[in-house]
Amino acid sequence: VLFNLAKLRGIDVDPLPTDKSKAGGRCKVAPRVSEPFVALLDEVHAKYPKADPPKRVALDYCPVDALPQRLRDYCRPFVAKMVPSLTSVLKSLYASAERTAAIETVFLAWEKDLVAGNGAEFADAAPQCAGLPDGKPNPLWLNLVLQVLATHYTRVGDYAKAHSYIDRAIEHTPTVEMLHVTRAKIYKREGKLTDAAFHADVARKLDLQDRYLNVKAAKYYLRAGEIEAAESLIGLFLKIVDDSEVWLNMCDMQASWYELALGDGYMKRGDAINAIRTFKALELHYKHNHDELMDYHAYTLRRCNMRAFLEVIKNDDNATGQAHFLAMCPKMIRAYLHVQENGTDDALSKYVPRPKATESENWDKNDAGAKKNLSKLEQDFDIKVD
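Residues numbered from 1 in each chain as written. Predicted model: local features only at pLDDT ≥ 70, side-chain atom pairs only at ≥ 80, totals over all residues. Heavy atoms only, no water.

**Things to note about the packing of helix α6 (residues 97-115) against helix α8 (residues 139-155)**
Heads up, the condition is: All axes here are fitted lines through C-alpha atoms, helices being fitted over the stretch that makes contact, and every angle between N-to-C directions spans 0 to 180 degrees. Secondary structure elements are taken from DSSP: a helix is a run of H or I of four residues or more, a strand is a run of E of two residues or more, and numbering for both begins at the N terminus. For classification purposes, angles smaller than 35 degrees are called roughly parallel, those larger than 145 roughly antiparallel, those between 65 and 115 roughly perpendicular, and all remaining angles oblique. Left-handed is the label given to a crossing in which the near helix is rotated counterclockwise from the far helix by less than a right angle, and right-handed is the label when the rotation is clockwise. What makes two residues a contact is simply this: any of their non-hydrogen atoms within 4.5 Å.
Remark: α6 packs on α8, axes separated minimally by 10 Å, with the N-to-C direction vectors making an angle of 150°. Looking at the two axes, α6 sits roughly antiparallel to α8. As for how α6 packs across α8, the hand of that crossing is left-handed. For the pair formed by α6 and α8, the contact residues are Thr100, Ile103, Glu104, Phe107, Leu108, Trp110, Glu111, Leu114 and Val115 on the first element and Trp141, Leu142, Val145, Leu146, Val148, Leu149, His152 and Tyr153 on the second.

Right, here's the structure in full:
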């Protein structure tokens with residue numbers, strides 16, 4: 001809406017700037033400064049002071065010298081209310097070195113103030129989340145600032161500092177699960193996938209009902225090649241009889257993140273054939289979605305929702321340009337090259353067929369209907385590798 005409004009005002013601004021020379025033109029770059037657009041965003045914010053997007057988008061387009069103050073004003077309520085998603089909210093700013101430096105300056109200053117016991121700035125930002133009765137700042141404010149700094153140094157590649165900050169945060173409050181997720185992300189960036197999976201699982205155990213933590217731990221186990229451990233975690237949130245059903249259930253749900261991570265796990269084991277089968281299952285989703293569009297044509301004409309259906313068709317035309325498909329393509333190429341370089345005999349020696357879910361001993365005679373459905377899924381995803 002904000003960018004459409006800018007277009008109506010005649011302001012030239014690119015909502016999704018990309019570097020056309022990298023990654024097929026999909027590599028994000030820092031937006032160019034646009035003072036007229038920032039003035040428009042300030043105008044919208046003045047009219048709708050509780051709206052978040054005008055304040056956040058302004059951080060990407062404002063002049064660098066004005067960024068520190070805007071960053072303080074924007075992030076202060078997040079820290080006061082202890083919102084852990086602040087680390088994700090600021091991610092796009094890291095496309096610019098100058099804006100990255102501004103983040104570091106602001107949060108290091110806040111760390112210094114909070115360590116010294118000065119938290120008045122945050123108490124004013126969110127009175128309902130004020131500090132302790134004796135006038136001291138809420139200790140969780142420092143905890144969140146340490147988490148942001150750990151994430152910051154991870155993104156700039158200074159892993160030693162990232163570990164020092166997240167260690168301080170966990171020592172401060174070891175029961176906050178997102179701190180352990182942040183530690184897992186640091187290990188993942190370092191390439192220490194086993195350690196990353198371990199700490200992601202520590203976070204999961206702090207809140208066993210949290211699906212996000214379950215998925216994060218499972219994904220890290222898959223990347224580390226510990227496929228059985230990952231699928232046992234995923235199975236906790238599925239209505240299944242045996243863990244061997246996880247593969248079919250996740251493929252049926254078109255869980256692309258699972259298929260990408262599972263393929264990586266097979267490649268880590270050297271099982272290129274299973275990796276190719278997994279990537280082909282992801283590719284098969286796009287074919288299924290395209291074929292199913294035929295069922296909607298007559299329905300769309302009756303329901304008079306052509307505009308929405310045209311958007312669906314437009315999305316289908318660009319199916320091979322979507323993020324998960326583009327991530328899958330080089331992975332599949334590397335799997336085929338692995339077979340080519342090491343030979344078919346080596347690939348077959350490391351290939352371990354997945355157990356058939358319908359042959360599990362845990363089925364009973366009352367599950368005939370579910371078993372029949374599962375048998376159909378086995379046929380649908382019985383992918384051959386040439």
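**Some points on the side chain of Thr154**
Formally: Only protein chains enter the accessibility calculation, which uses a 1.4 Å probe. A residue is then buried if its area is under 20% of the maximum for its type, exposed if over 50%, and partly exposed in between.
Examined against the element boundaries, Thr154 turns out to sit in helix α8. The buried category is assigned to Thr154, whose relative accessible area is 6%.

**Here's the deal with a nonpolar patch on the surface**
Just so we agree on the cut-off: Patch definition: residues above 30% relative accessible area lacking any salt bridge, with like charges linked at up to 9 Å and the nonpolar side chains Val, Leu, Ile, Met, Phe, Trp and Tyr linked at up to 5 Å. In short, Shrake-Rupley with a 1.4 Å probe defines the accessible areas, and a residue's cover is counted only from the protein chains shown. Only one rule defines a salt bridge in this text: a Lys or Arg side-chain nitrogen within 4 Å of an Asp or Glu carboxyl oxygen.
Together, Leu301, Met306 and Leu310 make up an exposed nonpolar region whose accessible area comes to about 300 Å². Tracing the chain through its elements places Leu310 in helix α18 (residues 306-317).

**Some points on the packing of helix α4 (residues 67-80) against α6**
Stated formally: Classes in brief: Ala, Val, Leu, Ile, Met, Phe, Trp, Tyr, Cys and Pro nonpolar; Asp, Glu, Lys and Arg charged; the others, Gly included, polar.
At a closest axis distance of 10 Å, the pairing of α4 and α6 adopts a crossing angle of 55°. By the angle between their directions, the pair α4 and α6 is classed as oblique. When the axes of α4 and α6 are compared, the crossing they make is right-handed. Residues Leu67, Pro68, Leu71, Arg72, Cys75, Arg76 and Val79 of α4 form the contact with α6, whose participating residues are Arg99, Ala102, Ile103, Val106, Phe107 and Trp110. Grouping the constituent residues of the contact of α4 with α6 by class yields ten nonpolar, no polar and three charged.

**Some remarks on the packing of aromatic side chains**
What counts here: In summary, the pairing rule links any two rings of Phe, Tyr or Trp, Trp by its six-membered ring, whose centres are within 6.5 Å, and it sorts them by plane angle into stacked for under 30 degrees, edge-to-face for over 60 and tilted for everything else.
In this structure the tally under the stated criterion is eight aromatic pairs. Seen in terms of ring centroids, Tyr286 and Phe325 are 5.2 Å apart; in terms of plane orientation they differ by 85°. Their pairing is edge-to-face. Of this pair, Tyr286 sits in helix α16 (residues 272-292) while Phe325 sits in helix α19 (residues 323-342), and the two are 39 residues apart along the sequence. For Phe325, a relative accessible area of 11% translates into the label buried. Each member of the aromatic cluster is reached from another via a ring pair, and the members are Phe3, Phe37 and Tyr61.

**Some words on the pattern of salt bridges**
In total, this model carries 13 salt bridges according to the counting rule given. Linking Asp201 and Lys205 is a salt bridge whose minimum nitrogen-to-oxygen distance equals 3.7 Å. In this pair, Asp201 and Lys205 are both assigned in helix α11 (residues 193-206), four residues apart and thus about one turn of the helix distant. Asp201 gets classed as buried once you look at its relative accessible area, which sits at 8%. One salt-bridge network, held together by shared partners, links Asp201, Arg204 and Lys205.

**A word on helix α2 (residues 35-47)**
Going by this rule: Here, expected helix span is obtained from the residue count minus one, scaled by 1.5 Å. For this quantity, the arc is that covered by the directions from the helix axis to the C-beta atoms.
With 13 residues, α2 should cover 18 Å at 1.5 Å per step; its first-to-last C-alpha distance of 19 Å lies within 8% of that length. Along α2, the residues classified as buried are Phe37, Val38, Leu40, Leu41 and Val44. Buried positions in α2, seen along its axis, are confined to an arc of 155° and lie on one side of it. Exposed and oriented more than 90 degrees from the buried face of α2 are Glu35, Pro36 and Ala46.

**A word on the nonpolar core**
This is how it is decided: Residue types Ala, Val, Leu, Ile, Met, Phe, Trp, Tyr and Cys, when buried and joined through side-chain atoms within 4.5 Å, form a set referred to as a nonpolar core.
With 48 residues, the main nonpolar core has Phe37, Val79, Leu90 and Phe107 as its most contacted residues. The element best represented in this core is α8, accounting for nine residues.

**Section: the side chain of Ser96**
Put simply, the rule is: Any pair of nitrogen or oxygen atoms within 3.5 Å is treated as a polar contact; in protein, a donor-acceptor pairing is required on top of that, and neighbouring residues in sequence qualify only through side-chain atoms on both sides.
Tracing the chain through its elements places Ser96 in the loop between α5 (86-89) and α6. For Ser96, the side chain forms a polar contact with the main-chain nitrogen of Arg99, separated by 3.3 Å.

**Looking at unusual backbone geometry**
Phi at Met82 is positive, roughly 60°, even though this residue is not glycine. If you trace the backbone, Met82 turns up in the loop between α4 and α5. Since its relative accessible area comes to 27%, Met82 is described here as partly exposed. For Gln254, which is not glycine, the phi dihedral falls at a positive 55°. For Gln254, the position within the fold is in the loop between α14 (246-252) and α15 (256-269). Residue Gln254 is classed as partly exposed on the basis of its relative accessible area, which comes to 32%.

**Considerations on the environment of Cys251**
Mapped onto the elements, Cys251 comes out in helix α14. Residue Cys251 is classed as buried on the basis of its relative accessible area, which comes to 1%. Along the chain, Cys251 and Phe381 lie 130 residues apart, while their C-alpha atoms are 7.9 Å from each other. With near-sequence residues (within four places) excluded, Cys251 lies in contact with Glu259, Ala281, His285 and Phe381.

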